[in-house]
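One letter stands for each residue in the lines below.
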Amino acid sequence: MTPLLIRGGTIVNADGSWRADLRVSGRTVVAMAPDLEQAAGERIIDAGGCLVMPGGIDPHTHLDYPFMATRTADDFFSGTAAALAGGTTSILDFIIPESGQELRDAYSQWRRRARPSVADYGFHIAVTRWDGETESELRDLVEHEGITSFKHFMTYKGGTMVGDDVLIKSFGLAAKLGVLCMVHAENGELVHHLQQKLVSEGKLGPQYHPLSRPPEIEGEAVNRAICIAEAVGARLYVVHNSSIPAIEALRRGRARGVDVTGEVLACHLALSDAVYRHPDWAFAAAHVMSPPFRAPEHQQALWSALGAGIIETTGTDHAGFKAADRLLGKAKFTDIPNGTGSIEDRLHVLWHLGVNAGRLTAEQFVRATSTAAARAFGLYPAKGRVAEGSDADLLVWDPVGERTLSAADQHQRTDFNLFEGMMVRGINRMTISRGEIVFEDGKLSAPEGRGEYLRRLPLRRAA
Ligand code: URP
Ligand code: ZN
Ligand code: ZN
């Protein structure tokens with residue numbers, strides 16, 4: 001691997017910025033100082049006028065995921081290629097076992113699926129049932145495979161949803177093992193009830209999707225998960241918070257000392273529920289995801305919560321489907337596959353709508369796109385920081401460069417882009433992953449399978 005000298009840039013970390021050159025040797029950053037001399041064999045990268053930031057970490061993706069009678073559009077190759085192009089160098093995806101499938105079997109299946117990855121990848125394990133084997137299967141994955149986060153769906157009744165009994169048992173085990181509990185927080189019984197009611201009234205189009213999942217239903221579930229985590233002493237991570245009631249529950253929990261981290265998706269920050277009222281069925285259906293997009297006051301509250309650190313991480317929940325797959329729900333909205341994709345665009349949207357709009361500083365941007373996830377999921381400081389000894393996962397970011405986001409030139413295999421036509425200022429010029437230049441001036445050079453599996457350690461064991 002050619003050693004690199006990145007010259008003339010401003011290094012941005014979550015806790016500060018400084019003007020310095022940076023030397024990369026092998027897979028790590030080996031030196032950072034204002035004026036480094038070129039060593040023999042080093043390639044110089046001119047980062048004048050640019051920012052050098054840690055590669056993004058997307059803690060929430062669903063690549064090659066069979067869901068709602070179809071499969072997500074991106075596999076681990078196309079999804080991670082899109083991630084690298086957009087400045088994300090690591091992802092954490094979800095192993096979601098099929099009904100009755102052993103967890104180790106599901107783990108092996110996901111490792112096989114992930115082999116073509118070009119970015120680094122790790123897994124959360126979804127706990128979708130609790131039987132006599134579950135505890136030992138989970139212990140096995142924690143101890144031998146470095147999976148240190150358990151995911152729980154409080155919705156999708158009849159599918160992956162689990163009740164409070166399972167949450168209590170699983171959170172209790174997580175507390176003992178020092179691993180993180182995660183929840184998709186929506187009251188699944190109430191969602192089911194509202195879906196049935198809307199369908200029985202003949203309300204069948206995608207415009208009824210958000211009415212079946214109102215904000216209060218999310219807030220109730222966030223609050224309930226926090227109470228359970230508090231009672232059993234578990235660390236909690238709430239994925240894709242989308243509404244004021246969710247933020248309020250996070251704020252209350254954190255104020256009384258519960259160890260709870262909140263995530264927000266780039267798409268929930270950028271888009272409102274107006275998308276569901278679009279006259280074109282296909283356009284509205286392309287936005288069906290859960291929780292749904294919300295009224296603009298929720299977006300404002302999400303930005304404020306991110307700026308204030310009540311919400312700390314951002315992800316994408318990348319689970320895009322092709323337009324043809326959405327047709328599964330042509331007759332009724334409850335059959336439209338749930339999920340949207342933005343793995344390639346998260347950083348650009350966050351920079352443009354966050355930093356350019358004065359809602360985030362560059363340091364807060366780094367915290368929200370990389371550092372906070374690295375800390376929450378046990379990847380820090382190898383990932384999530386530009387520092388001597390850390391992995392050389394780096395972005396050379398041009399804060400004044402411009403481009404227009406579009407499905408026409410994206411690497412994602414979704415035939416739709418949530419941010420179609422959005423002109424963003426602030427663009428990723430170069431992505432370096434463990435010392436290798438994998439994206440430069442619009443071109444990817446990342447051989448299939450170069451991504452490394454991220455084996456993680458528990459953060460804290462109970463006494
Ligand atoms: O609608 C969504 N979010 N689909 C992906 C699965 C999930 O709930 O995260
Ligand atoms: Zn979810
Ligand atoms: Zn998800």
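The structure presented is a predicted model; accordingly, all values stated were derived computationally and were not measured. (Residues numbered from 1 in each chain as written. Chains lettered and ligands numbered in written order. Predicted model: local features only at pLDDT ≥ 70, side-chain atom pairs only at ≥ 80, totals over all residues. Heavy atoms only, no water.)

## Here's the deal with the sheet that holds strand β18 (residues 394-404)
- Read across the open sheet, the seven strands follow the order β3-β2-β7-β18-β19-β20-β21; overall the sheet is mixed. With one partner strand each, in any of the chains shown, β3 (16-19) and β21 (443-444) form the two edges of the open sheet.
- As judged from the four bridges shared by strand β7 (residues 51-54) and β18, these two strands associate in the antiparallel manner. Residue pairing for β18: P54 is matched across the bridge by L394.
- Against the sheet, helix α13 (residues 362-376) engages β2 (10-13), β3 and β7, with an angle of about 55° to β2. (Pairing = 2+ DSSP bridges. Helix = DSSP H or I, 4+ residues; strand = E, 2+ residues; numbered from the N terminus. Contact = heavy atoms within 4.5 Å. Axes fitted to C-alpha atoms, helices over the stretch in contact; angles between N-to-C directions.)

## A word on the site of ligand 1
- Around ligand 1, the neighbouring residues are H60, H62, F153, Y156, H184, H240, M289, S290, D317, N338 and G339.
- Taking H184, its side chain carries an N or O atom lying 3.0 Å from an oxygen atom of ligand 1.
- D317 has a polar side-chain atom sitting 2.6 Å from a nitrogen atom of ligand 1.
- For ligand 1, whose unbound accessible area comes to 260 Å², protein coverage reaches 100%.
- Mapping ligand 1 onto the cavity grids shows that it belongs to the largest cavity.
- Taken together, the residues that form the shell around ligand 1 break down as three nonpolar, seven polar and one charged. (Near = heavy atom within 4 Å. Polar contact = N/O pair within 3.5 Å; in protein donor to acceptor, adjacent residues only side chain to side chain. Areas by Shrake-Rupley, 256 points an atom, 1.4 Å probe, with all protein chains shown as cover. 1 Å grid on protein atoms, 1.4 Å probe; cavity = no way out; pocket = protein on both sides within 12 Å on 5 of 7 lines; lining within 4 Å. Sits in = over half its atoms within 2 Å of the grid points. Nonpolar A, V, L, I, M, F, W, Y, C, P; charged D, E, K, R; others polar.)

## Points about the pattern of salt bridges
- Applying the stated criterion to the full structure yields 34 salt bridges.
- Residue R385 pairs with D15 through a salt bridge whose shortest N-O separation is 3.2 Å. Remark: D15 occurs in the loop between β2 and β3 and R385 occurs in the loop between α13 and β18; sequence separation between them is 370 residues.
- The class of R385 is partly exposed, set by a relative accessible area of 24%.
- Put simply, K383 and D393 hold a salt bridge, and the shortest N to O gap is 2.8 Å. Remark: D393 occurs in the loop between α13 and β18 and K383 occurs in the loop between α13 and β18; sequence separation between them is 10 residues. For the residue pair K383 and D393, the accessibility class agrees, reading buried in each case.
- Taken together, the shared-partner salt bridges in this structure form one network comprising R27, D120, K383, D391, D393, R434 and E452. (Salt bridge = Lys/Arg side-chain N within 4 Å of Asp/Glu carboxyl O. Buried < 20%, exposed > 50% of the residue type's maximum accessible area, 1.4 Å probe, protein only.)

As far as function goes, none of this settles anything; it's purely spatial.
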